[in-house]
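If you want the building blocks of each chain, they are given just below.
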Amino acid sequence: MSKTQYRNFVGGQFVATDRCFDDINPSTGQAYAQVHEASAELVDQAADAAHKALKGEWGNSRPEQRAALLDRIADGIDRRFDEFLAAEVNDTGKPAALASSLDVPRGAANFRAFASMIRTAGGEVFETPTPDGSIALNYTMRRPLGTVGIISPWNLPLLLFSWKVAPALACGNVVIAKPSEETPGTATLLAEVIAEAGAPDGVFNLVHGFGPGSAGEAIVKSSKVNGITFTGESGTGATIMRQAAEGVRPVSFELGGKNAALVFADCDFEETVAGVARSTFLNTGQVCLCTERVYVQRPIYEKFVAALAEAARKLRIGDPWAQGTDMGPLISKGHRQKVLDYMALAKQEGAEVVTGGGIPAVAEELGGWFIEPTVWTGLAQNSRCMQEEVFGPVCNVFPFDTEEEAVALANDSKYGLACAIWTSNLKRGHRLAAQIEVGLVWLNTWFLRDLRTPFGGAKLSGLGREGGHHSLDFYSELKNVCVKL
Ligand SMILES: NC(=O)C1=CN([C@@H]2O[C@H](COP(=O)(O)OP(=O)(O)OC[C@H]3O[C@@H](n4cnc5c(N)ncnc54)[C@H](O)[C@@H]3O)[C@@H](O)[C@H]2O)C=CC1
Ligand SMILES: O=C(O)/C=C/C=C(\O)C(=O)O
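Computed from a prediction, not measured in an experiment: that's the story for all the values here. (Residues numbered from 1 in each chain as written. Chains lettered and ligands numbered in written order. Predicted model: local features only at pLDDT ≥ 70, side-chain atom pairs only at ≥ 80, totals over all residues. Heavy atoms only, no water.)

## Focus: the site of ligand 2
Right, on to step 1. Arg106, Asn155, Leu156, Leu159, Leu160, Thr231, Glu254, Val287, Cys288, Phe447, Arg449 and Phe455 make up every residue found near ligand 2.
Right, on to step 2. Within the contact set of ligand 2, an oxygen atom lies 2.7 Å away from a side-chain nitrogen or oxygen of Arg106.
Right, on to step 3. Measuring from an oxygen atom of ligand 2, one finds a side-chain N or O atom of Asn155 at 2.8 Å.
Right, on to step 4. In isolation ligand 2 has 320 Å² of accessible area, and contact with the protein removes 98% of it. (Near = heavy atom within 4 Å. Polar contact = N/O pair within 3.5 Å; in protein donor to acceptor, adjacent residues only side chain to side chain. Areas by Shrake-Rupley, 256 points an atom, 1.4 Å probe, with all protein chains shown as cover.)

Here's what the structure looks like:
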């Protein structure tokens, strides 16, 4: 049977190239599709098509027209839900139950949310006294940034890709977007949906390929790209930032994390065990928000370690399409090796493996990149496994005594993305939320999202915020007009 072909979408046309690479289904280890890699020349053609679109009718479009387009895109995702689901599951191996409750609905929700936000977005107005005693009126106008380069990762492919495409289009920009080379499927379907929804040619361009020496680098280096938004590893963000400095172009980054959970003895025990198990193992630990450091107050430490390990052992690992599967594989053989290397390192660094630590039998049976959910204890705070992002279903559980100690431990990280605090003492929760050096705090929950809120990280975890008006501000050039009355 011929393989699915994932082509580029440039200037309103699907474009095949003669450099193709395999798209591997991580739950089988088998190639199921072929991806057409874009050359630097094709990226340049995309930039020209985008520029032409910006100078055409799209450049004069009104927020209401763009909001209507975004709503039609959301409807298109809903209509083709099963195709998006299949592409997401084939690309990532994540359980269909997860993709159908999180990734695909959130893809549609991103478009609806930014449609609603751009419809109601206002500006600023100031009445200003002038030296001659009269009044001036200052008001702001939103104009598009221009051509936006979007580079997204493989862990939440549709969710993170659309999280950037939707506000960029809402603000009237034109886009050149590259999904991860590991997960090109849903982005290619989205190109079809955007065209079906009536976006003018060149408004949305999709290019496939890798980072360095490929389409990713070509986007970032193109002087025709006016701003770059990226989600992925912190080191990649730093590389992109250096290249974006050429031309002083704005960047927005959501990067890595080494997130802490702080579990106090007065927490709702059952709810907290379930919450920390979810925050550690969801999507096989491949969410930048996932918990890898669990700090537990000493009176409940032993009981908590046992309960978390039990929750990990109960997870059903396997075929993403099978009913009841809780956890799929890691994204690739290379990424699994990276996580296995950390598992070996953890032992060298003195970890006790409470549960997991290896490859489950199902990996042999299905041929995919499965790994066991793993709980360690005994790692020192300054060990590499407590300081470096693993990006897999692993955590170390560490005891603490006082609130001050918990804050110091949580903050002892070069990352600053998210922290979950579990306590029934809400005063304490608020107090700690103010002291933790992160962009996102969850209190007695985790990964509960409202798309209007600022999303992003401190320290090595990112630059800027997206979500709500923060996205509208990044994807717009704000202009102030001063009128002397
Ligand atoms: N959201 C997050 O925090 C994520 C973190 N990671 C971490 O990063 C590690 C490496 O995974 P990768 O997929 O290689 O992440 P990555 O950050 O290198 O790749 C993410 C995206 O950036 C592109 N890219 C890479 N280098 C680029 C460059 N120089 N210029 C332009 N685009 C570039 C890639 O093609 C992909 O679309 C993982 O093992 C994991 O630990 C990976 C994915 C998401
Ligand atoms: O926007 C969200 O709800 C989730 C974002 C998750 C990431 O940025 C990530 O895992 O990289």
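## Details of the sheet that holds strand S19 (residues 418–422)
Right, on to step 1. Strand order across the open sheet formed by seven strands is S15-S16-S17-S14-S13-S19-S20, with mixed pairing between neighbours. The outermost strands of the open sheet, each flanked by one partner alone, are strand S15 (352–355) and strand S20 (440–443). Across this sheet, the average inter-strand angle for adjacent strands is 25°, counted without regard to direction.
Right, on to step 2. Pairing of strand S13 (residues 259–263) with S19 involves four bridges; the strand directions are parallel. Its bridge partner lying in S19, Leu262 is registered against Ile421. (Pairing = 2+ DSSP bridges. Helix = DSSP H or I, 4+ residues; strand = E, 2+ residues; numbered from the N terminus. Axes fitted to C-alpha atoms, helices over the stretch in contact; angles between N-to-C directions.)

## Looking at the site of ligand 1
Right, on to step 1. In the neighbourhood of ligand 1, 29 residues make up the surrounding shell, with Trp154, Lys178, Glu181, Glu233 and Lys338 lying closest.
Right, on to step 2. A distance of 2.8 Å separates an oxygen atom of ligand 1 from a polar side-chain atom of Lys178.
Right, on to step 3. Contact between ligand 1 and Thr236: an oxygen atom at 3.0 Å from a side-chain N or O atom of the residue.
Right, on to step 4. In the complex, the protein chains occlude 89% of the 800 Å² of accessible area that ligand 1 would expose alone.
Right, on to step 5. In this structure, ligand 1 is accommodated by the largest pocket.
Right, on to step 6. At the level of secondary structure, the elements contributing two or more residues to the shell around ligand 1 comprise helix H7 (215–221), strand S11 (227–231), helix H8 (234–244) and helix H11 (333–348).
Right, on to step 7. The residue inventory of the shell around ligand 1, partitioned by class, reads twelve nonpolar, eleven polar and six charged. (1 Å grid on protein atoms, 1.4 Å probe; cavity = no way out; pocket = protein on both sides within 12 Å on 5 of 7 lines; lining within 4 Å. Sits in = over half its atoms within 2 Å of the grid points. Nonpolar A, V, L, I, M, F, W, Y, C, P; charged D, E, K, R; others polar.)

## Side note on the UniProt feature "active site" (unreviewed entry) in the protein
Right, on to step 1. As annotated in UniProt, the feature "active site" (unreviewed entry) corresponds to Glu254 in the numbering used here.
Right, on to step 2. As for its placement among the helices and strands, Glu254 is situated in strand S12 (residues 251–254).
Right, on to step 3. Those residues in contact with Glu254 that lie beyond four places of it in its chain are Leu160, Trp163, Lys164, Phe230, Thr231, Gly232, Phe455, Ser461 and Glu466. (UniProt positions renumbered as here; feature names shortened; annotations may be inferred. Contact = heavy atoms within 4.5 Å.)

## Considerations on the pattern of salt bridges
Right, on to step 1. A complete count under the given rule lists 28 salt bridges for this structure.
Right, on to step 2. Two residues, Arg112 and Asp75, come together in a salt bridge whose shortest N-O distance is 2.7 Å. Here Asp75 lies in helix H2 (residues 63–79) and Arg112 lies in helix H4 (residues 96–120), a separation of 37 residues in the sequence.
Right, on to step 3. Residue classification places Asp75 among the partly exposed residues on the basis of a relative accessible area of 35%.
Right, on to step 4. Here Glu192 and Arg80 are joined by a salt bridge, their closest N and O atoms 2.6 Å apart. Placement of Glu192 in helix H6 (residues 185–196) and of Arg80 in the loop between H2 and helix H3 (81–92) is noted, with a sequence separation of 112 residues between them.
Right, on to step 5. One network of salt bridges, in which partners are shared, links Arg80, Glu83, Glu192 and Glu196. (Salt bridge = Lys/Arg side-chain N within 4 Å of Asp/Glu carboxyl O. Buried < 20%, exposed > 50% of the residue type's maximum accessible area, 1.4 Å probe, protein only.)

## Some points on the pairing of strand S6 (residues 125–129)
Right, on to step 1. Among the five residues that make up S6, zero are buried, leaving the element largely open to the surroundings.
Right, on to step 2. Here S6 pairs with strand S7 (residues 135–144) via five bridges, running antiparallel. By the bridge assignment for S7, Phe126 is matched with Asn138.
Right, on to step 3. Connecting S6 to the next strand, S7, in antiparallel fashion are five residues, including Gly133 with a positive phi near 90°.

## Thoughts on the layout of surface pockets
Rolled over the atoms, a probe sized like a water molecule indicates the empty space that remains.
Right, on to step 1. The space that makes up the largest pocket amounts to roughly 800 Å³.
Right, on to step 2. Lining the largest pocket are 35 residues, with Trp154, Phe230, Gly232, Glu233 and Thr236 positioned closest to its centre.
Right, on to step 3. When residues of the lining of the largest pocket are traced back to their parent elements, those giving at least two are H7, S11, H8 and H11.
Right, on to step 4. Ranked by residue count, the leading element in the lining of the largest pocket is H8, at four residues.
Right, on to step 5. Of the residues that constitute the lining of the largest pocket, the class distribution is 13 nonpolar, 14 polar and eight charged. (Points joined across faces, edges and corners; volume = space filled by probe spheres on them.)

## Side note on the environment of Pro129
Right, on to step 1. Locating Pro129 in the fold gives a position in strand S6.
Right, on to step 2. The residues contacting Pro129, other than those within four sequence positions of it, are Ser134 and Ile135.

## Quick look at the UniProt feature "domain: Aldehyde dehydrogenase" (unreviewed entry) in the protein
Right, on to step 1. In the numbering used here, UniProt assigns the feature "domain: Aldehyde dehydrogenase" (unreviewed entry) to residues 19–481.
Right, on to step 2. Helix makes up 42% of residues 19–481 and strand 21%, and the two end C-alpha atoms of the span are 49 Å apart.

## Comments concerning the packing of H3 against H6
Right, on to step 1. Taken N-terminus to C-terminus, the directions of H3 and H6 make an angle of 155°; their axes are 8 Å apart at the nearest point. As far as their axial angle goes, H6 and H3 are roughly antiparallel. Facing Glu83, Phe84, Ala87, Glu88 and Asp91 of H3, the residues of H6 in contact are Gly185, Thr186, Leu189, Leu190 and Val193.
Right, on to step 2. Here the residues of the contact of H3 with H6 are counted per class, giving five nonpolar, two polar and three charged. (Parallel < 35°, antiparallel > 145°, perpendicular 65-115°, else oblique.)

## Let's talk about empty space enclosed by the protein
Right, on to step 1. Using the criterion set out here, one finds four cavities of 30 Å³ or more in the structure.
Right, on to step 2. Volume-wise, the largest cavity comes out at about 80 Å³.
Right, on to step 3. Residue lining of the largest cavity: Arg106, Leu156, Leu159, Leu160, Trp163, Glu254, Cys288, Leu289, Phe447, Arg449 and Phe455, and that is the complete set.
Right, on to step 4. Ranked by residues supplied to the lining of the largest cavity, first place goes to helix H5 (residues 157–170) with three residues.
Right, on to step 5. The residue inventory of the lining of the largest cavity, partitioned by class, reads eight nonpolar, no polar and three charged.
Right, on to step 6. What the second largest cavity holds in volume is close to 70 Å³.

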